[in-house]
Every structure is written in C-alpha cells, then in structure tokens.
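Single-letter residue listing:
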Amino acid sequence: MAMIVEVVHPRTGEVRQRLRVDALPFAIGRSLENALILDDPHVDARHARLVEDEDGSLVIEDLGSVNKLATSMHRDAERIRLRSGAEVTVGRTLLRFRDEAEPLPPALPLHRGLAAAHASPGPQRWHERTPVRLALIAATLVLLGVHAWFDNYARAGATDALTLALGVLLVAVVWAGTWAIAARAALGQFRFVAHLFIAMAAATLAILFGDVIAWGQFLMPDNGVLGTLSAVANLALLSALVAWHLANASALSRAGRWRAGLTVSGTVVVLIGLFALVEDKPFSDVPEFSSVIRNAPAAIIPTKTVPEFTAAIVELRADVDELRAAKDE
Amino acid sequence: MTRRATRVALALLVAAPAATPLHAQADSGGALPRVATATVFARYSDHILKIQVMETSSNAKASIGTGFFVSGDGLMLTNYHVVAERIQEPENYRVEVVDREGAAHVAEVVAVDVVHDLAVIRTGLASPRHFTLGAVTPRQGDRLYSLGHPSDLGLSIVEGTYNGNLKHTLYPKIHFTGSINPGMSGGPTITESGRVVGVNVSTMGEQRSFLVPEAQATALVGRVLAPGFTPSTDLLEDITAQLTAYQQDYLGSLFEGDATMVDMGAFRVVTEPAPVFRCWGGAERGEEMLYEQLWQRCATDDEVYIDGDQSSGVVRIVHEALHSKGLNGPRFSVLYSQRFADDNTPSGNEKHVTRWKCTTRNVATAGTPMRAVLCLRALRKMEGLYDAVLKVALLGRPDDGLVSTLTLSGASFANIERLTTRYLGLVAWR
C-alpha cells in the first residue's frame, strides 16, 4: 500500500502536483536533490522526510528546519503520523497524503454529467424525448381533469375539475422546478420537463391507486389487508418518486437512488410513528366507518347473509365492552 | 346558572316550524267563583323550597331547581334532572335545600325514577306543612298554579291551564299551558285547593309546558314511605335497572308483526312503526341540483334525560332517497357515498359513553344487496346498555340510492341485535 502525496494550492484547493511515495526515506525540501522539490522560499533546502516508524506506519519528520511542520491542530511539529487524508503544511505549502486504495465514486456518465454540456448528446430513448414527455404531461393533466369531474356531483363540475387539474399542475411545476434547480447545481443540467413529467406521473399513479383501493373497500369492506396494502403502496410510490427524480438530478448509482428513496419513505414512517406516539388522540363522538359506495351492478357485489352480519355485530359488542372495561380501570 | 334546571323538548322544537300549536288555549276565565292567586300562594308557599346542587371544589351553585315537601319528616320531591349531577358524580357535587330564611341544609337523594324524571330527597328538616299526594282529576281548561324558583329570582307563582295528557308519548306527560321557566323544575303544579296535579319538568317555550303526572309521583313517594324502605346504596344501579326495563318495554315489540310500509321514490320503506312515532318529510329539488332528494324522519318525542347532553330512550328512523337527474354512474356514486358518510349519530360525552366502534358489510336480504354499517358504543356507567346506529344503503342501481338510518339510544344488546336483523328487511326497492 503506497501513499500518494499531493501538493495543494492553499486557497483554491487545486492539486498542482501528485507523486507516488515509492521508496523510503522520501526527502522533501527546496534543493533539487529531494524526492519532492518545493518551490517555496519558506521551505528549507532539506526540510523533512517520510519514514516508517516502529509500527510500520508512515510518518513525516522535520529535519531541523526553520519553520518546522504544521497541521490544523499543531504548529511547529517535528514528527507527524500520516493517515490517508492527512494535511501537513511545510513552509507555506500544503501537502495532502492519500492512500492509493482510497475508494472513488463511479465515473459520471457522459450524457448526464458535466461533460454532456460540452460533448455531443448520447442516444435518447423514446420516452426521454421532450415532445413525448410534454405529450404525456398533457395526457396526465387530461386524466386528472376527467377524474376530478367524475369525482363530484355539482352542476359546475367541469369548472371544478379544470380548477383542480390546474392546481395539481401548479404544485407539480413548483416541485419539478425545485428538483430542476437541484439538478442544475449537481450536474449542470436543468431537466425541468423530465422532473415535471415524473411529478405528474406519480400524482396520476397515486390517484389511480386510490381508486383501486376504494373499489376494494367497496367490494370487500371487511378486508383488513387493504389499509396496509394502501400504506405500503404509497410508500413504494414515494420511494420510486425520489429515486426517479434522483436519476435526473444526481450521479448516484441505481442502488444508491433506491437507498435514498427508501430512506425518505422510512423517515416518513418514523415521523408518522412519532406523531402517533406523541399525539393524544382526543375522544370523539363521531364514528368512523367505510362509507365508500361505487356504481356497480348487483351481480358483481359479493354479499354476506344477515346471520353473518349479526355475527360481526356480536364481535363488535366484545370490542365495545373491552373499551368500556379499559376506561373503568 | 340554570342550564340543567329546565329541559327543552328538543325533538319537538326541531319539528316546530311545521307544527301548529298543540291546542287552542282553553278559555278559563269564567263563571266559577275563584280563589285569588295570592291566597293560593299564601297557603302553600311554605311547602316549597329551592334546591341547589353545589360543585364541591368551587363551593358554588352548579344548578338550581325546586322541590316540595311530601311528608312530615322532611322528604321532598323534585326532578331527577335537578339532582342528576349528584347521582352521576357524587364525589364532585352535593345537594342542598335553602330554607325560607336563606340557610342551606345538605340533603341526600334516597330514590329516583329516571324514566319519569323524579327524585325523592331527604332533608332532615321538620315539615309539618306538606302536600299529600293523591289522585286528582282536573278537566281540560281548569286553572292550575305552578310554583317554583324561575332563574333563581325567588319563589314565584304562575297561573295556567290544564290541557290533559300529551298524545304520542311513551310515558304520560301533562300539557300545561303556562310559563314554566328554568329553575322551576321539580316544583309542584297544584289546584287552588292545594292538590298536586303534576311536577314541573320541561318547556317548549311560549307557555307550552309539561308536567310529570301525580300518579308517577305518588308511586315513587309511596315506595319511599312504605315500611321497610331502605335507601339505595347505588342509585346508578337503580337507574340502569329502570332504563333496562323501560327500553324492553318500548323496544321489545318494535317492528314485530306487520310493519307499515310506504313508497318513497324508488323505494319501499318502513314508517310510523308505532303510534308514539311522529314522522316528517320533505323533498329538495333545486334548479341547480343534478339530483333529487326526498327525506322522511320518524322519531319518538320521549327522551330520558341522564346527564348533560346524554339521554336515553331515543328511537329515530331517517330515510334519504336520492335520484339522479343527469349525473352519470360514477358521479352519482360520489354523491351517494357522501350522503352515506354524513354523520347523524347522537352526540356523547366521554364521561358517559365509549367511542363508537363500527362494522361494515355488504349484505343481501331477499335478493336486495345493501351496504350495512352498525356503529355501537357502550354507556360507561350503565352496564348492559348501548347506543347503536344502523346505516343501510341499497346497492346496484346507477340512478337511485337510499340511505336509511335507525338510531337507538340506551338499548340492550339483545334488542339492538333483533332490531338490526329486522330492520334490514324493512327497506327495499319498489
């Protein structure tokens, strides 16, 4: 395992020179006989050297120089043990030591990275083309409008539907704009249409999924799994939303994007859990029940017999008696 | 100050806009020689005292009412609702009677009749001058005198006329045309010869007042005066037993036999299940509305007051029929869902009831699919009694819907179960 020494510009952080430390001792100074020659008047001719200490760790030793060695913690140091990332000032020159085996992030793909701004774009898949995306955004807007129209019974339903669709669009524009600005900062690319498309697609999926759940609750009101399913699906959608945005706003790997998405969902779950824990649920005299009714022909609605309903009521009584007993204590 | 001291017959008030005055006022000025009201007051005012319920921590009046002596050894009769707080929360309230000199004396409740809203208290005062209860048969139009402490303004006397028993009630109540006001609850309404006709209990305002008949008062006082009577150690248990027996009385036979059915829009629904129910109806058909809505509500007038906003003995049936006028199937189902979700359950206080728990199923009776929800809550202080709301929505037609609700309060589980089963068969398509 060899160490790399970098000569860094103290203000800009730009690396001016890199050298591999192949052989020890490794001399550092202003004279030309050194392994690393520093053109700095505050550096001695023979200023310092890299050696191995008794444990086999790399250290930098001062050779009786005028200005000695300095780190962010110590001035006038004479001997400093070096780990990967260590920074030592010699005279007015900043040296950084790095392990050659230090892990690196993956390379930025050309068509997404900073280079893309200057290089010719790579081949685009059909759904990545802006006109296609704009068409899909328009389609989701129409879908939202129609859905909103079906979701009310007022005479002015069409106006309400239009208002709602435009409201959703406005929120999506603000959301996509935020992501686009983040993408501009991270990758140098704005990609507003891509983010808007993602937002609209996620909103549409959430609404359609809500419809499926509502139908499920209508047809199978005693199915306890639907609530859980709905929660899991919404969290999955949230994870996907974040991962999808990150694909257009970061250089993260696919696994990294999904990790970020799941972290966001996990945080939401934890926050909801914390609120549920802290919130003192007030007494309510308003009952909660599944009131959803859908327009379905009688033939497809699964029904129970009256005795089955009565049996459910007997169970209900046990629950209520339990509530009564719990409060009595 | 006197929020509990006078009850308002809410069910009647709600229905009032469509209702005409119950009876024309009897003309009671007449040929018979009359004793001056002042004479009546002078003769009997010392039989009557103010009752105040004190909140023990603040040592101040929580509510006031009136009571009157019914024996020589200090027993007084008043309304249950005057002293309800003491019975419901004995640790926080005490009962006091205020004598004519203004001194307060602690009194204890010894017996109650919660259904008829009566209570007997023992004062420890000597009461040589008291009313003797016994049968009295006034004629409609007879002049009566009601005494009590309206709004804590001091003992007052109010003239009015006897208008017989109310019709349409589960238990008898006298209709007295005279101004009974908050604070007069528990006071007597008497003839000029000092016979107690009834006990002041509630008002609808505008001289429409109600009395508990003397017969119920006589029965309760008789029980206390009988040899061997020992005061109850647990009045709440007594109240529970009384309510349980009472609900069995009126719910036990409800919906038995042939029910009266009526056509309403596309539906056939049950109506006026017993003579004590009164039904009102209406329709909403606005130019702006894409649907038509018909409704019918049937309820008994009788609520048994328990405490605060908690009452018992309510039976209410509500039918709401919807018909689409241009809404497509999905849009109509949104309207239908919303009407089904509308909350029309009785309110409740955490002191008295648990939270609601509901169960929902799609049920079929005689080939009619319907969505059925039963919500149930227990009365905390009355074991074995529950409030229940059964909501039903008929399914399977794109243009028509019916939301039908049966509300029961203070009912046994056996009755709730039986009435639920029966009710599901009483709503259908035409």
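Residues numbered from 1 in each chain as written. Chains lettered and ligands numbered in written order. Predicted model: local features only at pLDDT ≥ 70, side-chain atom pairs only at ≥ 80, totals over all residues. Heavy atoms only, no water.

## Thoughts on the overall build of chain B
Tallying secondary structure elements over chain B gives 7 helices and 25 strands in all. A compact globule built from 430 residues would reach a C-alpha radius of gyration of about 22 Å, and chain B, at 24 Å, matches this within 12%. Its C-alpha atoms give chain B principal-axis dimensions of about 75 × 50 × 40 Å. For chain B, the residues scored as buried account for 58% of the 430 residues in total. Here the contacts in chain B between residues at least 6 apart in sequence split such that 65% fall between residues at least 24 apart. Split by element, the accessible area of chain B, about 16,400 Å² in all, is 51% carbon and sulfur. Between the centroid of the 40 positive side chains of chain B and the centroid of its 45 negative side chains there is a distance of 2 Å. (Helix = DSSP H or I, 4+ residues; strand = E, 2+ residues; numbered from the N terminus. Rg over C-alpha atoms; globule rule 2.2 N^0.38 Å. Buried < 20%, exposed > 50% of the residue type's maximum accessible area, 1.4 Å probe, protein only. Contact = heavy atoms within 4.5 Å. Areas by Shrake-Rupley, 256 points an atom, 1.4 Å probe, with all protein chains shown as cover. Lys, Arg positive; Asp, Glu negative; His and termini not counted. Charge placed at Lys NZ, Arg CZ, Asp CG, Glu CD.)

## Digging into the interface of chain B and chain A
The partner chain A presents 48 residues to the 65 residues of chain B that form the contact. Roughly 5,100 Å² of surface becomes buried between chain B and chain A when both sides are summed, with 65% attributable to carbon and sulfur atoms. In terms of surface lost to chain A, no three residues of chain B exceed Arg331, Arg361 and Asn362 of chain B, which account for 14% of the buried area on that side. Between chain B and chain A we count 1 salt bridge in total. (Buried area = accessible area lost by both parts, 1.4 Å probe. Salt bridge = Lys/Arg side-chain N within 4 Å of Asp/Glu carboxyl O.)

## Some points on helix H5 (residues 235–251) of chain B
Residues and elements named next belong to chain B. For H5, spanning 17 residues, the distance from its first C-alpha to its last is 24 Å, which sits close to the expected 24 Å at 1.5 Å a residue. What H5 keeps buried is the set Leu235, Leu236, Ile239, Thr240, Gln242, Leu243, Tyr246, Gln247, Tyr250 and Leu251. Down the axis of H5, the buried set is contained in an arc of 165°. They therefore lie on one face. In H5, the exposed positions that point more than 90 degrees away from the buried face belong to Glu237 and Asp249. If you check the start of H5, you find a side-chain oxygen 3.1 Å away from the backbone N of Leu236, and it comes from Asp234. (Expected span 1.5 Å × (residues − 1). Arc of directions from axis to C-beta. Polar contact = N/O pair within 3.5 Å; in protein donor to acceptor, adjacent residues only side chain to side chain.)

## Points about the confidence of the model for chain A
This prediction gives chain A a mean pLDDT of 86; 93% of its residues lie at or above 70. Contacts for the low-pLDDT stretch residues 112–121 of chain A, under 50 throughout, to residues beyond four places or in other chains number 13 contacts. (pLDDT = per-residue confidence, 0-100.)

## Some details on the sheet that holds strand S8 (residues 79–81) of chain A
Residues and elements named next belong to chain A. Taken in spatial order, the 5 strands of this open sheet run S4-S3-S5-S6-S8, and their pairing is mixed. Where the open sheet ends on each side, the last strands, each with one partner, are strand S4 (36–37) and S8. Here strand S6 (residues 58–62) pairs with S8 via 3 bridges, running antiparallel. Considered in S8, the bridge of Glu61 is made with Arg79. (Pairing = 2+ DSSP bridges.)

## Re empty space enclosed by the protein
For the structure shown, the criterion picks out 3 cavities of 30 Å³ or more. Of the voids in this model, the largest cavity is the one considered here, and its volume is about 80 Å³. Taken together, 14 residues line the largest cavity, and the ones lying closest to its centre are Ile293, Arg294 and Asn295 of chain A together with Tyr336 and Arg397 of chain B. If one sorts the elements of the lining of the largest cavity by residue count, helix H6 (residues 329–341) of chain B sits on top with 4 residues. Taken together, the residues of the lining of the largest cavity break down into 7 nonpolar, 4 polar and 3 charged. Here the second largest cavity is characterised by a volume of approximately 40 Å³. Along its surface, the second largest cavity is lined by Ile306, Gln310, His352, Leu379, Arg380, Lys381 and Met382 of chain B. (1 Å grid on protein atoms, 1.4 Å probe; cavity = no way out; pocket = protein on both sides within 12 Å on 5 of 7 lines; lining within 4 Å. Points joined across faces, edges and corners; volume = space filled by probe spheres on them. Nonpolar A, V, L, I, M, F, W, Y, C, P; charged D, E, K, R; others polar.)

## So, the state of the cysteines
All names here are of chain B. Scanning all chains against the criterion turns up 2 disulfides over all chains. Between the sulfur atoms of Cys279 and its disulfide partner Cys298 the distance amounts to 2.1 Å. With the S-S bond torsion at 110°, the cross-link from Cys279 to Cys298 turns out right-handed. Note that Cys279 is positioned in strand S16 (residues 277–284) and Cys298 in strand S17 (residues 291–300), a separation of 19 residues in sequence. You can call Cys298 buried: its relative accessible area is 1%. Numbered by order of appearance in the sequence, the disulfide-linked cysteines of chain B pair as 1-2, 3-4. (Disulfide = S-S within 2.5 Å.)

## Observations concerning the pairing of strand S10 (residues 174–177) of chain B
All names here are of chain B. By the alternation rule, side chains of S10 split into Ile174 and Phe176 and His175 and Thr177, which are all buried. Across 3 bridges, strand S9 (residues 156–165) lies against S10 in antiparallel orientation. What sits directly across from Asn165, in S10, is Ile174. Relative to strand S13 (residues 208–213), S10 runs antiparallel, the two being bridged by 4 bridges. Counted as the bridge partner of Phe176 is Ser209 from S13.

## Concerning the pattern of salt bridges
Opposite charge on two side chains makes pairing possible when the charged atoms of those side chains draw close. Residue and element names in this part refer to chain A. Within the structure shown, the criterion is met by 28 salt bridges over all chains. Measuring nitrogen to oxygen at the nearest pair gives 2.9 Å for the salt bridge that ties Arg98 to Glu6. Taken together, the residues span a long stretch of sequence, with Arg98 in strand S10 (residues 93–99) and Glu6 in strand S1 (residues 3–8) at a distance of 92 residues. Since its relative accessible area comes to 1%, Glu6 is described here as buried. Members of the salt-bridge network, linked through shared partners, are Glu6, Arg18, Glu87, Arg96 and Arg98.

## Brief notes about helix H3 (residues 80–88) of chain B
Most of H3 of chain B is tucked away: 9 of the 9 residues are buried. Every buried residue of H3 of chain B is accounted for by Tyr80, His81, Val82, Val83, Ala84, Glu85, Arg86, Ile87 and Gln88 of chain B.

## A look at the packing of aromatic side chains
Scanning the entire structure with this criterion turns up 15 aromatic pairs over all chains. Between Tyr153 of chain A and Tyr291 of chain B the ring centres are 5.7 Å apart and the planes differ by 80°, which places this aromatic pair in the edge-to-face class. Placement of Tyr153 of chain A in the loop between helix H1 (130–150) and helix H2 (157–187) and of Tyr291 of chain B in strand S17 is noted, with the two residues assigned to different chains. Judged by centre distance (5.8 Å) and plane angle (80°), the rings of Phe289 of chain A and Phe340 of chain B are edge-to-face. (Phe/Tyr/Trp six-rings, centres within 6.5 Å; stacked < 30°, edge-to-face > 60°.)

## Side note on the pairing of S1 of chain A
Residue and element names in this part refer to chain A. The buried fraction of S1 amounts to 6 of the 6 residues, a majority that puts the element mostly inside the structure. Sheet topology places S1 next to S10; 6 bridges connect them, and they run antiparallel. The residue bridging Ile4 from the neighbouring strand is Arg98, located in S10. In textbook terms, the turn of a hairpin is the stretch between consecutive antiparallel strands, and for S1 and strand S2 (residues 15–20) this stretch comprises 6 residues, one of which, Gly13, has a positive phi near 80°.

## Observations concerning the domain arrangement of chain B
All names here are of chain B. Here chain B is described as being made up of domain 1 (3–22 + 31–231) and domain 2 (243–429). Across the boundary between the two partners, domain 1 contributes 20 residues, which contact 20 residues of domain 2. Summing both sides of the interface, domain 1 and domain 2 together bury roughly 2,000 Å²; the carbon and sulfur share of this comes to 60%. Of all residues in domain 1, Gln88, His168 and Leu170 bury the most surface against domain 2, accounting for 33% of the area lost on that side. (Domains from an automatic or database assignment.)

## Some words on the packing of helix H4 (residues 225–247) of chain A against helix H5 (residues 254–278) of chain A
Residue and element names in this part refer to chain A. At their nearest, the axes of H4 and H5 sit 8 Å apart, and the two run at 140° to each other. The orientation of H4 with respect to H5, classified from their angle, is oblique. In the packing of H4 onto H5, the handedness of the crossing is right-handed. Note on element contacts: H5 touches H4 through Arg257, Trp258, Ala260, Gly261, Leu262, Val264, Ser265, Val268 and Val269, opposite Leu235, Leu238, Ser239, Ala240, Val242, Ala243, Leu246 and Ala247. Residues belonging to the contact of H4 with H5 are distributed by class as follows: 13 nonpolar, 3 polar and 1 charged. (Axes fitted to C-alpha atoms, helices over the stretch in contact; angles between N-to-C directions. Parallel < 35°, antiparallel > 145°, perpendicular 65-115°, else oblique. Left-handed = near helix turned anticlockwise from the far one by under 90°.)

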